[in-house]
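Summary of structural features
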Amino acid sequence: MSELLALLFFPAGLSLLAGGLVYEWVDRKLVARLQNRMGPRWYQPLADIVKLLAKEEVIPTGVNKLLFVGLPIAALAGALTSALYVPMFGLAPSFSFPGDLIVALYLLSLLTLCTGLAGSNTTNTFSLVGATRTLTQMFSYEAPFLLTLLGPALAAGTWQIGGIDAYAQNHLLLLTQPIGLLVALIGLMGKLELSPFDSPEAETEIVAGALTEYSGRGLALFRLGKNVELVIGLTLVASFYLGGLANPLEFLLKTGGLLLGLSLIQAVMTRLRIDQTVGMWWRYGALLVLAQWLLLIVTQGTVS
Amino acid sequence: MIGGAGMANNLEDRWQQALEQVKTWARANSPWAIHFNSGSCNGCDIEILATLTPLYDVERLGIKLQGSPRHADVLLCTGPVTRQARDRLRRVYEQMPEPKFVIAVGSCAISGGAFQGCYNVIGHIDEVIPVDVYVPGCPPRPEAIIDGVAKLLQVLQGTEVTKPL
């Protein structure tokens with residue numbers, strides 16, 4: 001019964017969807033204020049989602065209908081499932097087992113993978129270009145992002161998210177692994193296709209990227225999935241690098257602070273080309289994190 | 001038994017009404033727009049772009065410019081319809097998912113304007129697709145375009161949606 005409750009309402013169901021909408025609004029509002037605008041009203045993301053859900057869904061000719069309808073559901077389901085292994089809202093994870101960090105990260109990647117598949121499922125050229133860019137970007141950010149989250153795991157000596165969180169509550173990893181925090185935050189922006197890394201959905205070049213042909217329900221589910229992933233990603237980074245999440249208040253403060261940094265980067269930077277994105281991550285992101293890893297392993301070996 | 005069925009119907013009606021109200025509220029608060037130029041001199045298009053600048057900040061009304069017709073609710077049309085653009089305009093309109101609305105921006109979109117009677121011009125937007133709101137001006141100011149969208153939202157929130165044809 002309590003597990004059913006956890007699945008439907010708290011912490012992984014409706015409350016997570018609501019949290020995703022709130023975080024999207026905060027992000028949009030902050031970017032708007034940084035651009036000297038008023039920004040959207042607080043219920044804007046909710047209105048967008050409800051409107052999209054109530055709209056007609058056009059299934060274009062030439063697509064595999066099952067995939068077209070199923071991919072958005074798989075994307076949202078993956079994002080929601082990964083929340084079960086993460087200390088959402090500063091509470092202990094609903095489910096936990098050794099090595100759940102890897103499972104959670106793979107479930108988070110499901111959204112990007114589904115977006116890429118959804119784009120290549122249609123015959124639209126813009127969708128295809130968007131899908132190619134989405135998958136290219138995934139291959140470039142995924143490795144550095146994974147390495148940054150494995151840094152704390154290495155320090156804590158466990159690959160269990162709950163264990164790393166407990167370790168981080170006593171050790172401020174922000175000080176010992178500052179490069180990791182930076183790359184993790186930027187990797188999260190790449191995952192969510194936020195402003196400097198939004199070439200997969202560049203509206204001035206390729207209309208709307210992989211989701212060009214999606215209307216109504218499918219688009220709403222993909223947007224919801226992205227919102228949920230924003231909250232989960234922020235939770236993971238805050239939990240690992242900003243001294244753990246012991247209670248809901250810490251959760252609010254730490255993820256809010258990270259979101260402010262995210263909005264700041266979005267507002268001040270312009271879009272990178274896809275080759276620049278890939279080059280940046282492989283040339284600097286991955287190498288920096290690997291150097292930090294090496295340092296970590298060497299110091300751990302000498303200390304213990 | 002009859003009373004029970006009546007009550008069930010009543011409840012269903014009320015549920016439907018509430019659902020419709022929520023849908024209307026969401027539609028009126030989140031009009032995503034797409035912009036199509038079917039032969040305009042570019043004057044109105046520049047004004048539409050000016051409307052989307054931070055100075056007017058239409059995101060506070062929930063208005064967002066979308067690239068794909070599949071994502072859009074409102075089609076902002078500028079210019080008269082040329083023979084070449086007619087099929088494209090109709091196709092863009094038909095690609096949009098229901099419910100969809102059209103705003104004709106500028107004198108040419110309303111009557112053909114300065115291009116009326118040209119050999120390559122069919123006429124105004126209304127001759128090709130149904131228009132919901134007309135925004136006059138040559139070109140209309142950004143305030144006028146925002147007012148046009150606001151009028152559309154008022155019609156949306158009213159009890160009946162009238163489609164002038």
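Preceding this paragraph is the structure being described.
The text that follows walks through the structure, step by step, so that each part is easy to find.

Parameters at a glance
The residue numbering used here restarts from 1 in each chain and proceeds along that chain's sequence as written. Written order decides the labels, with chains lettered from A and ligands numbered from 1. Confidence filtering applies because this is a predicted model: local features only for residues at pLDDT of at least 70, side-chain atom pairs given and counted only at 80 or more, and all residues used for totals across whole chains, interfaces and linings. Segments assigned H or I by DSSP are reported as helices when at least four residues long, segments assigned E as strands when at least two residues long, and all are numbered from the N terminus. As a reference, a globule follows 2.2 Å times the number of residues to the power 0.38, and the radius of gyration itself is taken over C-alpha atoms. Comment: burial labels come from other C-beta atoms within 10 Å of the residue's own C-beta, placed from the backbone, where a count of 20 or more is buried, 12 or fewer is exposed, and between is partly exposed. The contact rule is simple: place each C-beta atom from the backbone, and if two of them lie within 7 Å, those residues are in contact. Note on definitions: a nonpolar core is a set of buried residues drawn from Ala, Val, Leu, Ile, Met, Phe, Trp, Tyr and Cys, linked by C-beta atoms within 7 Å. Interaxial angle, 0 to 180 degrees, is taken between N-to-C directions of lines fitted to C-alpha atoms, where a helix line uses only the stretch in contact. Geometric relationships in this document are graded by angle, where less than 35 degrees denotes roughly parallel, more than 145 denotes roughly antiparallel, 65 to 115 denotes roughly perpendicular, and other angles denote oblique. In the scheme used here, Gly and all other residues not listed as nonpolar or charged are polar, with Ala, Val, Leu, Ile, Met, Phe, Trp, Tyr, Cys and Pro taken as nonpolar and Asp, Glu, Lys and Arg as charged. Paired strands are those between which DSSP finds at least two bridges. With the far helix as reference, a near helix turned anticlockwise by less than a right angle produces a left-handed crossing, and one turned clockwise produces a right-handed crossing.

This brings us to the overall build of chain A. Secondary structure summary: chain A contains 12 helices and 0 strands in total. Counted from the first residue to the last, chain A has its helices and strands arranged as α-α-α-α-α-α-α-α-α-α-α-α. Over its C-alpha atoms chain A spans a radius of gyration of 19 Å, differing by no more than 12% from the 19 Å that the globule rule assigns to 304 residues. Seen through its principal axes, chain A has C-alpha atoms that stretch 65 × 50 × 40 Å. The buried share of chain A, reckoned over its 304 residues, is 48%. Considering only contacts in chain A between residues 6 or more positions apart, those separated by 24 or more positions represent 79%.

Scanning chain B from N- to C-terminus turns up 5 helices and 7 strands. In sequence order, chain B lays out its α and β elements as α-β-α-β-β-β-α-β-α-β-β-α. With the C-alpha coordinates of chain B rotated into their principal frame, the extents come out at 70 × 35 × 25 Å. Evaluated residue by residue, chain B yields a buried proportion of 41% over its 165 residues. Residue pairs at least 24 apart in sequence account for 82% of intrachain contacts in chain B once pairs closer than 6 positions are excluded.

This part covers the nonpolar core. Side chains of nonpolar character tend, in soluble globular proteins, to be buried together. Ranked by internal contacts, the top residues of the largest apolar core, which has 80 residues, are A:Ala75 and A:Val237. Here A:Ala75 is in contact with A:Leu110, A:Leu111, A:Cys114, A:Thr115, A:Leu221, A:Phe222 and A:Gly225, once residues within four sequence places are set aside.

This part takes up the packing of helix H2 (residues 43-51) of chain B against helix H5 (residues 142-157) of chain B. Residues and elements named next belong to chain B. Orientation of H2 relative to H5, taken along the N-to-C sense of each, is 75°, at an axis distance of 8 Å. On the basis of their axis angle, the class for H2 and H5 is roughly perpendicular. Here H2 contributes Glu-47, Ile-48, Ala-50 and Thr-51 to the contact with H5, which in turn contributes Pro-142, Ile-145 and Ile-146. Counted by class, the contact of H2 with H5 contains 5 nonpolar, 1 polar and 1 charged residues.

Residue and element names in this part refer to chain B. By the criterion of burial, strand E5 (residues 101-105) is predominantly enclosed, with 5 of the 5 residues buried. Where strand E3 (residues 74-78) lies against E5, 5 bridges are found, and the strand directions are parallel. Across the sheet, the residue bridging to Cys-77 is Ala-104, located in E5. Across 3 bridges, the pairing between E5 and strand E7 (residues 133-135) is parallel. Its bridge partner lying in E7, Ile-103 is registered against Val-133.

Below, the discussion takes up helix H3 (residues 44-54) of chain A. Each α-helix turn comprises 3.6 residues. Residues three or four places apart therefore point the same way. Within H3(A), 8 of the 11 residues are buried, leaving the element largely enclosed by the surrounding structure. Considered for burial, the residues of H3(A) that qualify are A:Gln44, A:Pro45, A:Leu46, A:Ala47, A:Asp48, A:Ile49, A:Lys51 and A:Leu52.

To continue, consider the interface of chain B and chain A. Size of an interface: often given as the accessible area lost when the parts come together. On the chain A side, the residues contacting the 17 residues of chain B number 27 residues. Here the side of chain B that touches chain A is built from residues that sort into 4 nonpolar, 6 polar and 7 charged.

All names here are of chain A. Put simply, helix H10 (residues 217-241) and helix H11 (residues 248-268) touch, their axes get as near as 9 Å, and they point 110° apart. Judged on the interaxial angle alone, H11 and H10 are roughly perpendicular. In this structure, H10 meets H11 at a crossing whose hand is right-handed. In this structure, H10 contributes Leu-234, Thr-235, Val-237 and Ala-238 to the contact, and H11 contributes Lys-254, Thr-255, Leu-258 and Leu-259. Of the residues belonging to the contact of H10 with H11, the class tally is 5 nonpolar, 2 polar and 1 charged.

Before going further, it helps to spend a moment on the environment of B:Gly123. Residues and elements named next belong to chain B. Summarising the element assignment, Gly-123 is placed in strand E6 (residues 121-123). We classify Gly-123 as partly exposed; it has 18 C-beta atoms within 10 Å. If sequence neighbours within four positions are ignored, Gly-123 has contacts with Pro-80, Val-81 and Gly-112.

The next thing to look at is unusual backbone geometry. Here B:Glu98 and B:Pro99 are connected by a cis peptide whose omega angle stands at -10°. Relative to the helices and strands, B:Pro99 resides in the loop between helix H3 (83-95) and E5. Following B:Cys138, the chain continues to B:Pro139 via a peptide bond in cis, the omega torsion being -10°. Of note in this structure, A:Glu193 is not a glycine but carries a positive phi near 55°. Along the chain, the position of A:Glu193 falls in the loop between helix H9 (178-191) and H10. The exposure class of A:Glu193 is buried, given the 23 C-beta atoms found within 10 Å. In this structure, B:Asn42 takes a positive phi of about 90° despite not being glycine.

All names here are of chain A. Relative to the helices and strands, Leu-21 is located in helix H2 (residues 14-34). In this structure Leu-21 comes out as buried when scored by C-beta crowding, with 23 C-beta atoms within 10 Å. Residues Leu-21 and Trp-293, spaced 272 residues apart in sequence, show a C-alpha to C-alpha distance of 35 Å. Not counting residues within four places of it along the chain, the set of residues in contact with Leu-21 comprises Pro-45, Leu-46, Ile-49 and Asn-227.

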